[in-house]
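One letter stands for each residue in the lines below.
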Amino acid sequence: MSYPTLLCPHDPALFDPLKGHNVAVRVDRPEDVCRAAEEVDSAGGILNRIIIETDRPLSALPIPGDWDGIPVALFAPEMGRYRDLSDTIQKLYDFKIHVYFPAGNAENLVSCRILASLGVTCCLAFDEREPDWTALADLMTYAAFGPVPHAPIEPFHHMASHYSPGACLDWGALYFDDPREYLHLDSRGRVALSRHGLTKGLFIADHISSIRDPLENEGYMKGLNAWRRHFLEDHPCILCEGWKICLGRFGSDGRHRPGCARFAADTLAEIEQYWSQRQDDSREART
Amino acid sequence: MKTIIFKATDLCNSNCAYCHAVRKGDASIKTMPLDILEQFFVRANEFLSEEPGETLKIIWHGGEPLILGADYYHRALEFKKRHCRQTGPRISFDMQSNLTLFSRDYVDVLREMGIRSFGTSFELIPGLRGRGGKEGSDRYNRQFIDAVSLLEEEGFSWGIIYVVTKPALEAPLSLFRALTNFVPSASVMFNPVTFYPDRAEGIAVTAEEFTDFLGAIFPEWWRHRDRYPGVDPFKSLVENIIDGSDSLICVDSGKCADTHLSVSPDGSIWQCGRSSDWGMMRYGSITDCSLSDILNHPEKEMLRKRTVLLRDGECGGCRFWDICHGGCPLDALAETGSVMHKSPWCWTKKGFIENYFEPVTGIRHPCARNGSPHPGKNRDCAKPAGADTIQKIARERREKASGLRTSPHKEAL
């Protein structure tokens, strides 16, 4: 396996030891995006993504022209007024910006559809608020199987394009929450498997230099298949028909939600059908 | 191919409630000494030299084979290289392990042995696997999860043989979901727990109960069979009944006399793993018999005669003969005192197909394919019931086969 991307706070002092590594940086302010990208570059890191979380609506956020070419993950609470987006929309489309909205706000499901139809990649982030599962199912069908051209709406695009029978589908990396893809560093350089691990102080190493091969780190190995821990806890999710495409991620902090099981099962059924159709199509193409 | 269930040790780090091995009496030799291990490879070479068309599949079994340590397997490979210079390529290895002792130390040697997948077991019901009690189960399962994570990272695959016990009968579908969610490849085989002659209270299941357990799961499996590609006995039955495959596991093949042997730690040679655990059908010792001698042992001849006797007798006219052959002779021996009877588990296959498989799939066994019955199958199938369905499904399965994984080895041992 390749070494995971190192996700760290915006502190140039942390970047120096990351030479040659893939690096993602979490910044607090939009105006720090370019500077962080330059600092990673000058430290010899390979920029994976700049992550910015804002409490302002997307429409209220300035997108400067110098973001062009910088991969940005932009977490906003909502889209805001569409008419205020007129200046921004072309930049969102042209630049490498992925927009993240919380799935618990029903308006965001509509916003995702609008932005995706305009060519902007959108991701729904599942947090403590329970989504409107029916509306989400509609969006899933549009995102994964809708005939109208549109940009990816995650995690559904990933599910539809990566599904394979006989395998679980983990889409945590879309949200920087998969230790195969991302390791998280705190301001002192300590290493955790996830953002949750960072906030809880669950570190697997005091410094990245002590993890030459992640597979030799016991904490890392335990974290790789953390989803299997559900089976030790007699968690209700382990009986879910849609587990293979969810792995507990539609829940919140491991909690089981009443509506998510039906949603996950329906999503799995649709994705299987899509997979089957693609198999038929490729067979037809071969013959 | 001859399959040898190789029990190099009777020791185990677990004490599972339904395991035969832990109930074995106190044998003086718990782990095979290296001189007997070496002698085995001498015998293997001798046999393969005499039989140029033959191959040997050696399944490391136990006890718990990983309790032996990596060095033991390095020595085994040394002996193989030393004594099987010409015949070595015709020897392959597999392993049946609880995996809880798997570590990085084993990776290289297991790869060198050509082992790519493991048969193992997992249990969600507390108190059945592990050292005992819920605490024992929890500890066991934590170790198991760590081990399979490492196993997968190192590129090995694995599949579960799930032993169906009385507590499992309470919620078959939930259990099925949990197991197939736990094993990404959905490589799961359901086997009934077998206890002879003392059926353990609270654990043992009857043939009827096991049949109904399978029947509760089968409609779900059939509806989503692409989702759960490796679930047995369903997958194998579909292959036998719909695809016309002749491949049968040892208990159903009617040919175990010619295909299976087992070696225990003291070098004794037995009919199979079960017979070794039960102390029945010992044919001799690796120290004074060749494998050819063993395969021609008079008791082996008795097993061959059993197949003919049952076909013309107890099982005469049974429409499931070609996929059952009277079942496991040891089950018959344990239940009736003679191998010359059909297995008491016969009901499971017959009852499951009649009550669940055929009604759910709409396909009757033996079925007509392309308008004619299977070669060698009963000719009393007046109407080729489900012929259109079967052809359609068989075609779909053939077409999809290339896109699906095969499951790791799973063999009734």
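What counts, and where the lines are drawn
- Residues numbered from 1 in each chain as written.
- Chains lettered and ligands numbered in written order.
- Predicted model: local features only at pLDDT ≥ 70, side-chain atom pairs only at ≥ 80, totals over all residues.
- Heavy atoms only, no water.
- Contact = heavy atoms within 4.5 Å.
- Buried area = accessible area lost by both parts, 1.4 Å probe.
- Salt bridge = Lys/Arg side-chain N within 4 Å of Asp/Glu carboxyl O.
- Polar contact = N/O pair within 3.5 Å; in protein donor to acceptor, adjacent residues only side chain to side chain.
- Helix = DSSP H or I, 4+ residues; strand = E, 2+ residues; numbered from the N terminus.
- Nonpolar A, V, L, I, M, F, W, Y, C, P; charged D, E, K, R; others polar.
- Core = buried A, V, L, I, M, F, W, Y, C linked by side-chain atoms within 4.5 Å.
- Buried < 20%, exposed > 50% of the residue type's maximum accessible area, 1.4 Å probe, protein only.
- Domains from an automatic or database assignment.
- Expected span 1.5 Å × (residues − 1).
- Axes fitted to C-alpha atoms, helices over the stretch in contact; angles between N-to-C directions.
- Parallel < 35°, antiparallel > 145°, perpendicular 65-115°, else oblique.
- Left-handed = near helix turned anticlockwise from the far one by under 90°.
- Disulfide = S-S within 2.5 Å.
- Pairing = 2+ DSSP bridges.
- Phe/Tyr/Trp six-rings, centres within 6.5 Å; stacked < 30°, edge-to-face > 60°.
- Lys NZ or Arg CZ within 6 Å of the ring centre and 35° of its normal.

(A) Molecular detail of the interface of chain A and chain B. Every contact between the two is made by 32 residues of chain A and, on the other side, 30 residues of chain B. By the criterion of area lost to chain B, the three top residues of chain A are Arg 228, Phe 231 and Glu 241 of chain A, representing 23% of everything that side buries. The partner of Arg 177 of chain B in a salt bridge is Glu 241 of chain A, and the shortest N-O contact between them spans 3.5 Å. At the boundary of chain A and chain B, one finds 16 residue pairs in polar contact (both at pLDDT 80 or more). For the side of chain A that touches chain B, the secondary structure elements donating two or more residues are helix H8 (218-224) and helix H9 (260-286) of chain A. Among the elements that line the side of chain A that touches chain B, the one with the most residues is H9 of chain A, at 7 residues. A per-class count over the side of chain A that touches chain B returns 19 nonpolar, 4 polar and 9 charged.

(B) Fine view of the nonpolar core. Trp 60 and Phe 190 of chain B are the most contacted members of the largest nonpolar core, which has 201 residues in total. The greatest single-element share of this core, amounting to 8 residues, is contributed by helix H6 (residues 207-223) of chain B. Here this core gathers at least three residues from each of two domains, domain 1 (5-172) and domain 2 (173-271) of chain A.

(C) Spotlight on H9 of chain A. End to end, H9 of chain A covers 38 Å across 27 residues, agreeing with the expected 39 Å (1.5 Å per residue, within 8%). Those residues of H9 of chain A lying buried are Cys 260, Phe 263, Ala 264, Ala 265, Thr 267, Leu 268, Ile 271, Glu 272, Trp 275, Ser 276 and Arg 283 of chain A.

(D) A look at the side chain of Ser 97 of chain B. Here Ser 97 of chain B is to be found in the loop between strand E3 (91-96) and helix H3 (107-112). Classification of Ser 97 of chain B as buried rests on a relative accessible area of 4%.

(E) Looking closely at the domain arrangement of chain A. All names here are of chain A. Each domain of chain A was delimited in the assignment, giving domain 1 (5-172) and domain 2 (173-271). On a C-alpha basis, the centroid separation for the pair domain 1 and domain 2 is 19 Å. The interface is formed by 47 residues belonging to domain 1 together with 36 residues belonging to domain 2. When domain 1 packs against domain 2, the two sides together hide about 3,600 Å² of surface, and 64% of this comes from carbon and sulfur. Linking domain 1 to domain 2 there are 2 salt bridges. Linking Glu 53 and Arg 195 is a salt bridge whose minimum nitrogen-to-oxygen distance equals 2.5 Å. For the side of domain 1 that touches domain 2, the secondary structure elements donating two or more residues are strand E1 (5-9), strand E2 (22-27), strand E3 (46-53), strand E4 (72-75), strand E6 (122-125), helix H5 (133-145) and helix H6 (156-162). At 6 residues, the largest contribution of residues to the side of domain 1 that touches domain 2 is made by H5. The residue makeup of the side of domain 1 that touches domain 2, split by class, is 31 nonpolar, 6 polar and 10 charged.

(F) Seen up close, the packing of helix H4 (residues 106-117) of chain A against H5 of chain A. Residue and element names in this part refer to chain A. The contact between H4 and H5 brings their axes to 10 Å, and the two run at 15 degrees. When the axis of H4 is compared with that of H5, the two are roughly parallel. Both H4 and H5 take part in a crossing whose hand is left-handed. Contacts from Leu 109, Cys 112, Arg 113 and Ser 117 of H4 reach H5 at Ala 135, Leu 136, Asp 138, Leu 139 and Tyr 142. Looking at the contact of H4 with H5 residue by residue, the class counts come to 6 nonpolar, 1 polar and 2 charged.

(G) Expanded view of the environment of Leu 34 of chain B. All names here are of chain B. Along the polypeptide, Leu 34 turns up in helix H1 (residues 34-50). For Leu 34, a relative accessible area of 32% puts it in the partly exposed group. For the pair Leu 34 and Ser 245, spaced 211 residues apart in sequence, the C-alpha to C-alpha distance is 41 Å. Ignoring any residue separated from it by four or fewer positions in sequence, one finds Leu 34 in contact with Tyr 72, Arg 75 and Phe 79.

(H) Inspection of helix H2 (residues 70-83) of chain B at higher detail. Residues and elements named next belong to chain B. In this model, H2 (14 residues) spans 20 Å end to end at C-alpha, consistent with the 20 Å of a helix rising 1.5 Å per residue. For H2, every residue scored as buried is listed here: Ala 70, Tyr 72, Tyr 73, Ala 76, Leu 77, Phe 79 and Lys 80. Check the buried side of H2 and you find it contacts H1, strand E2 (56-61), E3 and H3.

(I) The arrangement of the state of the cysteines in detail. Residues and elements named next belong to chain B. Applying the stated criterion to the full structure yields 0 disulfides over all chains. The structure places no disulfide on Cys 12, whose sulfur is separated from the nearest cysteine sulfur, that of Cys 16, by 6.2 Å. Of the residues examined, Cys 12 reaches a relative accessible area of 27% and is grouped as partly exposed. You can see Cys 324 has no disulfide; the closest cysteine sulfur is in Cys 346, sitting 5.2 Å from it.

(J) Layout of the sheet that holds strand E10 (residues 282-285) of chain B. Residues and elements named next belong to chain B. Read across the sheet, 10 strands follow the order E7-E6-E5-E4-E3-E2-E1-E8-E9-E10 without closing on themselves; strand pairing throughout is mixed. Both edges of this open sheet fall to strand E7 (231-232) and E10, since each of them pairs with a single strand only. Summarising the sheet, strand E9 (residues 268-270) and E10 pair through 3 bridges and their orientation is antiparallel. Bridge pairing links Ser 268 to Ser 285 in E10. Helix-sheet contacts for helix H12 (residues 298-312) involve strand E8 (260-263) and E10, and the interaxial angle to E10 is about 150 degrees.

(K) Up close: the sheet that holds strand E9 (residues 191-192) of chain A. Residue and element names in this part refer to chain A. A sheet is described by the order of its strands in space; here 10 strands give the open sequence E7-E6-E5-E4-E3-E2-E1-E8-E9-E10, paired in mixed fashion. At either margin of the open sheet sits one strand with a lone partner, and together these are strand E7 (153-154) and strand E10 (203-205). When E1 meets E2, the two strands line up parallel, connected through 4 bridges. If you follow Cys 8 over to E2, its bridge partner there is Val 25.

(L) Region of interest: the packing of H6 of chain B against helix H7 (residues 234-241) of chain B. All names here are of chain B. One can describe the packing of H6 onto H7 by two numbers: an axis separation of 11 Å at closest approach and a directional angle of 70 degrees. As judged from the angle between their axes, H6 and H7 are roughly perpendicular. Considering only the axes of H6 and H7, their crossing is right-handed. Residues Leu 214, Ile 217, Phe 218, Trp 221 and Trp 222 of H6 touch H7, and the partners they reach there are Phe 234, Lys 235 and Val 238.

(M) The arrangement of the packing of aromatic side chains in detail. All told, the structure shown has 47 aromatic pairs over all chains when counted by the stated rule. Look at Phe 176 of chain A and Tyr 182 of chain A: their rings are 5.1 Å apart centre to centre, the planes differ by 80 degrees, and that puts the pair in the edge-to-face class. A residue is classified by how much of its surface remains accessible, and Phe 176 of chain A, at 3% relative accessible area, is buried. For the ring pair Phe 176 of chain B and Tyr 228 of chain B, a centre distance of 4.8 Å and an interplane angle of 70 degrees mean the geometry is edge-to-face. Taken together, the residues Phe 176 of chain B in helix H5 (residues 172-182) and Tyr 228 of chain B in the loop between H6 and E7 connect sequence positions 52 residues apart. The two residues Phe 176 of chain B and Tyr 228 of chain B agree in class, both being buried. One aromatic cluster in this structure is built from Phe 75, Tyr 100, Phe 126, Trp 133, Phe 156, Trp 171, Tyr 175, Phe 176, Tyr 182, Phe 250 and Phe 263 of chain A. Residue placement shows Arg 228 of chain A over the ring face of Phe 182 of chain B; its charged tip is 5.1 Å from the ring centre. The residue whose ring lies beneath Arg 225 of chain B is Trp 222 of chain B, and the NZ or CZ to ring-centre distance is 3.7 Å.

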